[in-house]
There are 2 protein chains.
Amino acid sequence: MNESDFLKNYDKRSFDTPLITVDSVLFTCHEQRLHVLLVKRDEHPDKGCWSLPGGFIDQTIDTCLEDTVRRKLKQKTGVDAPYVEQLKSYGGNARDKRGWAVTVCYSALIAFQACEAHVASVSDARWHPLDDIAELALAFDHETLIMEARERLRQKALYSIVPAYALPEQFTLPELQKLHEILIDKPLQKKSFRRRIEQAELLIDTGLKRSESGRPASLYSLKADSAEFTFLRNLEN
Amino acid sequence: MNESDFLKNYDKRSFDTPLITVDSVLFTCHEQRLHVLLVKRDEHPDKGCWSLPGGFIDQTIDTCLEDTVRRKLKQKTGVDAPYVEQLKSYGGNARDKRGWAVTVCYSALIAFQACEAHVASVSDARWHPLDDIAELALAFDHETLIMEARERLRQKALYSIVPAYALPEQFTLPELQKLHEILIDKPLQKKSFRRRIEQAELLIDTGLKRSESGRPASLYSLKADSAEFTFLRNLEN
DNA sequence: CTCAGATAGTGACATAACGACACTTATTCT
DNA sequence: AGAATAAGTGTCGTTATGTCACTATCTGAG
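Residues numbered from 1 in each chain as written. Chains lettered and ligands numbered in written order. Predicted model: local features only at pLDDT ≥ 70, side-chain atom pairs only at ≥ 80, totals over all residues. Heavy atoms only, no water.

### A short note on the nonpolar core
Piece 1. Counting 44 residues, the largest nonpolar core has L65(A), W127(A), L65(B) and W127(B) as its most contacted members.
Piece 2. Contact partners of L65(B), with chain neighbours within four places excluded, come to S89(A), Y90(A), G91(A), W100(A), V102(A), V22(B), I57(B), Q86(B), V104(B) and Y106(B). (Core = buried A, V, L, I, M, F, W, Y, C linked by side-chain atoms within 4.5 Å. Buried < 20%, exposed > 50% of the residue type's maximum accessible area, 1.4 Å probe, protein only. Contact = heavy atoms within 4.5 Å.)

### Observations concerning the domain arrangement of chain A
Residues and elements named next belong to chain A.
Piece 1. Assigned domains within chain A: domain 1 (20–156) and domain 2 (163–228).
Piece 2. With centres defined by C-alpha atoms, the gap from domain 1 to domain 2 works out at 26 Å.
Piece 3. Between domain 1 and domain 2, the contact holds 18 residues from the first and 13 residues from the second.
Piece 4. Between domain 1 and domain 2 the total buried area reaches about 1200 Å² when both faces are included, carbon and sulfur atoms providing 66% of it.
Piece 5. Per-residue buried area on domain 1 facing domain 2 is highest for C29, Q32 and R154; these three make up 32% of the total on that side.
Piece 6. On the surface where domain 1 and domain 2 come into contact, there are two residue pairs in polar contact (both at pLDDT 80 or more). (Domains from an automatic or database assignment. Buried area = accessible area lost by both parts, 1.4 Å probe. Polar contact = N/O pair within 3.5 Å; in protein donor to acceptor, adjacent residues only side chain to side chain.)

### Remarks on the packing of helix α4 (residues 142–159) of chain B against helix α5 (residues 173–184) of chain B
All names here are of chain B.
Piece 1. Put simply, α4 and α5 touch, their axes get as near as 9 Å, and they point 130° apart. Overall, the two elements α4 and α5 adopt an arrangement that is oblique. The hand of the α4/α5 crossing is left-handed. Residue-level contacts link R150, L153, R154, A157 and L158 of α4 to H180, I182, L183 and I184 of α5.
Piece 2. In terms of residue class, the contact of α4 with α5 is made up of six nonpolar, one polar and two charged. (Axes fitted to C-alpha atoms, helices over the stretch in contact; angles between N-to-C directions. Helix = DSSP H or I, 4+ residues; strand = E, 2+ residues; numbered from the N terminus. Parallel < 35°, antiparallel > 145°, perpendicular 65-115°, else oblique. Left-handed = near helix turned anticlockwise from the far one by under 90°. Nonpolar A, V, L, I, M, F, W, Y, C, P; charged D, E, K, R; others polar.)

### A short note on the sheet that holds strand β10 (residues 217–222) of chain A
Residues and elements named next belong to chain A.
Piece 1. If you walk across this open sheet you meet the three strands as β8-β10-β9, and the pairing is antiparallel. A strand with exactly one partner marks an edge of an open sheet, and here the two such strands are β8 (171–172) and β9 (203–209).
Piece 2. Alignment of β9 against β10, held across six bridges, turns out to be antiparallel. When the sheet's bridge partners are listed, L203 is paired in β10 with L222. (Pairing = 2+ DSSP bridges.)

### Some points on the pattern of salt bridges
Residues and elements named next belong to chain B.
Piece 1. Under the counting rule described, the total for this entry stands at 28 salt bridges over all chains.
Piece 2. As a salt-bridge pair, E85 and K156 come within 3.5 Å of each other at their nearest N and O atoms. One end of the pair, E85, is in strand β5 (residues 83–92); the other, K156, is in helix α4, with 71 residues separating them in the sequence.
Piece 3. The buried category is assigned to K156, whose relative accessible area is 8%.
Piece 4. Close ionic contact of E201 with K223 constitutes a salt bridge, the shortest N to O distance being 3.8 Å. Of this pair, E201 sits in the loop between α6 (190–200) and β9 (203–209) while K223 sits in the segment after β10 (217–222); the two residues are 22 residues apart in sequence, bridging distant segments of the chain.
Piece 5. On the accessibility criterion, E201 (53% relative accessible area) is exposed. (Salt bridge = Lys/Arg side-chain N within 4 Å of Asp/Glu carboxyl O.)

In structure tokens form, the structure reads like this:
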């Protein structure tokens, strides 16, 4: 039998394949706290629990996994997230009551202001402070997904400025430093922090921000695709 | 309807879900070259092409994705790989002629000697020098998977000694350094290399190895689970 | 048996990045 | 005007690394 005959007769629905979904841990920084976007499930299983934005692949419109992720995120936020990164896949027979299930988990970052209005208009979506999710009823193994994504973001904060995507397009260095301090849960030396960033040339200066009090701070934005660029050392202080 | 009624009536086979598989890029170091284990496909699609060891999840015996990976690898190598790490998932409608397909790609390392005999006895499995795979006919998008896994391993070589799992359990520092040099394709200063490792205390000294010529070299082996421990800086020389 | 060659491993100094912290500058509020 | 606050800099000591010469130990040729 040649390949085209094989494919003509092939029916992948004749196999019992695991369920496959994508899920995203969308982070933002709001009022000096890290938040995650959660969606209240209104269908079984785990009906009524909070879950990560995500779901099944639409084979008719998604050409790859990231298409699914961005589509699902846009439904909840109204905008395309500036940073989306695949983290890890979880698969097993115990994750989902419906049976063997695989989910490809992504992490994403967005500025709170960029989607504030749209999120408020979506009835089942809500930002939750990360420190509060232990008290929520979470669907499936999503608490694990969130915690592992949180840990990855903490690691990123040690050697990159990826977290900057959780801030508005323009931000000051003290604002960025504060975010890093939240992420790694430790105060940082401002001199060291500035040096690391200046040296790596990851940001561009875009003017001055008139401050409420104190000196005016320079506004920065991310240099094109500087996301993954690394500092030279780990942050230890 | 309550949840248990819902689950009773739920049939995941009524949906057309993508195909889902796992694949592993198993590396080893042999005769100063990096090799990858490939398997010759004897079924459609891409019959006759070389592919990565992997395949479908067996929902009756695998409880998680890594179970599938280790099971498939053991079929080809005869032993359990000492290092297995999930890298990335690939999904899309163009990867596999059978339709929308997702694969969870793992990277694994093993000592050549640990599985030399068994691999030789498996008719469809063979080690291929990494530099030669461009000339092979590879199935699906497996060339991409291999290249991205190769790049990840290169990165690991810059800040960890994970590559040591591609060596026998006991090895000398010059052997490890040579492997890193192969991975990052650049000569390294032995003094710097030794210092980085000694400082991080990633290895334990286990005796002396009588050399063919030159001074006898100390044998080392990995400290328990020191795999991911990092050096403090990137290797630049 | 001895010495050359090869390889393992060390000593030592210069450089670069970082930690720490005091200091300067600019703005707001009283 | 002066205190308070916050942005941003100067500077010094420490640490890790780059570089490279040097020592030590083995093999093998003559």
